[in-house]
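Chain residues, written in single-letter form:
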Number of protein chains: 2
Amino acid sequence: MSSMDIERAQLALFTELAEIARTLGSPHRLMLLQHVAQGARSVERLAELTGLSVANASQHLQHLKRNNLVATERDGKRVLYSLAGGPINEVLGALTRLAEHQRAEIHSVISDSFTQRERLEGISREELLERLRDSSVTLLDVRPQEEFAMGHLPGAINIPVEVLEEHLSMLPQDHELVAYCRGPHCVLSTSAVDTLRKKGIKARLLDAGFPEWKAAGLTVETGV
Amino acid sequence: MSSMDIERAQLALFTELAEIARTLGSPHRLMLLQHVAQGARSVERLAELTGLSVANASQHLQHLKRNNLVATERDGKRVLYSLAGGPINEVLGALTRLAEHQRAEIHSVISDSFTQRERLEGISREELLERLRDSSVTLLDVRPQEEFAMGHLPGAINIPVEVLEEHLSMLPQDHELVAYCRGPHCVLSTSAVDTLRKKGIKARLLDAGFPEWKAAGLTVETGV
DNA sequence: CCTTGAATCAATCAATCCATTGAATTATTC
DNA sequence: GAATAATTCAATGGATTGATTGATTCAAGG
């Protein structure tokens, strides 16, 4: 193997990696990905969820598909998009951590870094299972009711973030809360924890979201 | 927090993530990153290493810098670029794994998937340390001599990939070989293992590269 | 202070990307 | 098989990106 070949191989690999990275390099595609990660969705639905035009969403989805980030399946007259296999969540997770790291570095200079440290402190699946067993925490699902109905963690109560402030009374006062939503790169639960902390309620973040939980083969409840 | 705010926060986060992803979305920038990850380098050197023009390399480097992926430092009349802090390698690693996963899926359909499975099977740092202790393996550093001299794993022998085939006789026949180079997303060692396997020599890949080793605080030798 | 070497800036052009529009496919249903 | 609903294709124009060139800044040394 000549050094020429090696350089070509390097370039080929990097070109491949770059193409994937570029595919992730659009806020709209990331949004689509996030929604697709919740389960199979039609193009129309995804367009609605993201506020894009149908044609535009379709094109972005095809872009994602070309790079094997999503898969399609036909269901009657609609096409359902779902997340492709492979460690896609790992990439998004690593990206998010990197972004958070960078943001933290900036903030630690500008702001007093006040609850910054605490904010990022999540609870792991293992710890959660442990604490659920002796029921020392309450699980809070902050996704929209609709998604909650499609499946949620066992024992979780559902209060969408939008209505959280009006429903604080529904929360148990003596338990610590653990909030979760769609995954590590979903801000719903982060917002929720912020809100709760401001009200003086103890709340933490689950490291994972519903998709991760399901993927890990753990039990899931459906319905309201 | 209204649902409007949440959507804005979502969008802001995704825009941030997308920007980082876009920055990684160019083969040339990935190449620069890879070289920069080896240690501080001047613009001219990096241009030379990647085959880019100086001005072009400079611009790409600045792009990387704007997104906090590299840092600069002045040394006399030259500017040295080095890798910024944060989990950058995790992102690249996850990306590489995703790409490999996708490639594996394609190959498993097209080709007979022959040594594909084996190719990806790396040896971990822990296992390596173990096997080095009872010296049942030989470590092979396949980077250029120059980089080897700047630092390498203890006990490693240096045969750059370019000259590997001509120097097979230098290899111990009874030991299994473990090849490593610049990191998980460096193809040098993969090429080397391929070459060796074709010659019927047992060889495996180290999961990590020299930078990871150093970062883990393990001992390092310098000189030739 | 002027020269030299190293890096960056500014301006340009080609190539690509993104959103929009309206037409064309595809599978279903009557 | 015609009508319909869902998605995709094709074409357009505006914005962004990437590489190249030449000029400019910046630090060091005579």
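Before reading on, note that the structure itself is shown above.
Keep in mind that what you see is a predicted model, and the values were worked out from it rather than measured. (Residues numbered from 1 in each chain as written. Chains lettered and ligands numbered in written order. Predicted model: local features only at pLDDT ≥ 70, side-chain atom pairs only at ≥ 80, totals over all residues. Heavy atoms only, no water.)

Chemist: Tell me what's going on with the protein's contact with DNA strand C, and back it up with residues and numbers.
Modeler: Surveying the vicinity of DNA strand C reveals 22 residues, the closest of which are His28(A), His60(A), Ser58(B), Gln62(B) and Tyr81(B). The sugar-phosphate share of atoms of DNA strand C within 4 Å of the protein amounts to 84%. Within the side chain of Arg29(A), one N or O atom sits 3.3 Å away from a phosphate oxygen of DNA strand C. Between DNA strand C and Val43(B), the relevant distance is 3.3 Å, taken from a phosphate oxygen to a main-chain nitrogen or oxygen of the residue. Secondary-structure elements contributing two or more residues to the surface near DNA strand C are α2 (27-36) and α4 (54-66) of chain A together with α3 (43-50), α4 (54-66) and β3 (78-83) of chain B. Ranked by residues supplied to the surface near DNA strand C, first place goes to α4(B) with 5 residues. In terms of residue class, the surface near DNA strand C is built from 6 nonpolar, 9 polar and 7 charged. (Near = heavy atom within 4 Å. Polar contact = N/O pair within 3.5 Å; in protein donor to acceptor, adjacent residues only side chain to side chain. Helix = DSSP H or I, 4+ residues; strand = E, 2+ residues; numbered from the N terminus. Nonpolar A, V, L, I, M, F, W, Y, C, P; charged D, E, K, R; others polar.)

Chemist: Could you give an account of the pattern of salt bridges, naming the residues involved and the relevant values?
Modeler: In this structure the tally under the stated criterion is 6 salt bridges over all chains. One salt bridge in this structure joins Arg182(A) and Glu147(A), with 2.9 Å as the shortest N-O distance. Of the two residues, Arg182(A) is situated in the loop between β7 (176-180) and α9 (188-198) and Glu147(A) in helix α8 (residues 145-149); the sequence distance between them amounts to 35 residues. With a relative accessible area of 9%, Arg182(A) lands in the buried category. Across the salt bridge formed by Arg45(B) and Glu146(B), the nearest N and O atoms sit 3.2 Å from each other. With Arg45(B) in helix α3 and Glu146(B) in helix α8 (residues 145-150), this residue pair connects regions lying 101 residues apart in the sequence. Given the relative accessible area of 46%, Glu146(B) is considered partly exposed. (Salt bridge = Lys/Arg side-chain N within 4 Å of Asp/Glu carboxyl O. Buried < 20%, exposed > 50% of the residue type's maximum accessible area, 1.4 Å probe, protein only.)

Chemist: With reference to specific residues and values, describe the pairing of strand β3 (residues 78-83) of chain A.
Modeler: All names here are of chain A. Of the strand pairs in this sheet, strand β1 (residues 41-42) and β3 are connected by 2 bridges, and their pairing is antiparallel. Bridge pairing in β3 places Arg-41 opposite Tyr-81. Judged from the 6 bridges that link them, strand β2 (residues 70-75) and β3 form a sheet pairing that is antiparallel. If you follow Val-70 over to β3, its bridge partner there is Leu-83. Hairpin connection from β2 to β3: 2 residues lie between these consecutive antiparallel strands, with Gly-76 at a positive phi of about 60°. (Pairing = 2+ DSSP bridges.)

Chemist: Which residues make up the relation of the copies chain A and chain B, and what values do they have?
Modeler: Expressed as a screw operation, the relation of chain A to chain B combines 0.0 Å of axial shift with a rotation of 180°, fitting to an RMSD of 0.2 Å. Overall, the copies show the geometry of a two-fold rotation axis. The overlap is high: 100% of the interface residues of chain A also sit at the interface in chain B, so the same surface is used on both sides. (Least-squares fit on C-alpha atoms with pLDDT ≥ 70 in both. Contact = heavy atoms within 4.5 Å.)

Chemist: Let's hear about the side chain of Arg29(A): which residues, and what values?
Modeler: All names here are of chain A. With respect to the element layout, Arg-29 can be found in helix α2. For Arg-29, which is buried and forms no salt bridge, the nearest opposite charge comes from Glu-19, at a distance of 11 Å. The residues contacting Arg-29, other than those within four sequence positions of it, are Arg-22, Thr-23, His-60, His-63 and Leu-64. (Lys, Arg positive; Asp, Glu negative; His and termini not counted.)

Chemist: Give a detailed account of the sheet that holds β3(A), specifying residues and quantitative values.
Modeler: Working definition: the strands of a sheet are paired by backbone hydrogen bonds and lie parallel or antiparallel to each other. Here we have 3 strands laid out as an open sheet, ordered β1-β3-β2 (chain A), and antiparallel in their pairing. Unpaired on one side and paired on the other, β1 and β2 of chain A mark the two borders of the sheet.

Chemist: Tell me about the sheet that holds strand β1 (residues 41-42) of chain B, and name the residues and values.
Modeler: Residue and element names in this part refer to chain B. Strands sit in the order β1-β3-β2 across an open sheet of 3 strands; the sheet is antiparallel. Only two strands of the sheet have a single neighbouring strand rather than two, namely β1 and β2 (70-75). Helix-sheet contacts for helix α2 (residues 27-36) involve β1, β2 and β3, and the interaxial angle to β3 is about 90°. (Axes fitted to C-alpha atoms, helices over the stretch in contact; angles between N-to-C directions.)

Chemist: Explain the environment of Phe210(B) residue by residue, including any values.
Modeler: Residue and element names in this part refer to chain B. Its location among the elements puts Phe-210 in helix α10 (residues 210-215). Residue class for Phe-210 comes out buried when judged on its relative accessible area of 6%. A C-alpha to C-alpha distance of 7.0 Å links Phe-210 and Leu-153, two positions 57 residues apart in sequence. When neighbours within four sequence positions are excluded, Phe-210 is seen to be in contact with Arg-143, Gly-151, His-152, Leu-153, Tyr-180, Cys-181, Arg-182 and Val-220.

Chemist: Before we move on, could you go through the protein's contact with DNA strand D and cite the residues and values that matter?
Modeler: Of all residues adjacent to DNA strand D, which total 21 residues, the nearest are Ser58(A), Gln62(A), Tyr81(A), His28(B) and His60(B). Sugar plus phosphate, as a fraction of atoms of DNA strand D within 4 Å of the protein: 84%. Lys77(A) has a polar backbone atom sitting 3.3 Å from a sugar or linking oxygen of DNA strand D. One of the backbone N or O atoms of Val79(A) is found 3.5 Å from a phosphate oxygen in DNA strand D. Every element with two or more residues in the surface near DNA strand D is listed here: α3 (43-50), α4 and β3 of chain A together with α2 and α4 of chain B. Here the surface near DNA strand D is built from residues that sort into 5 nonpolar, 9 polar and 7 charged.

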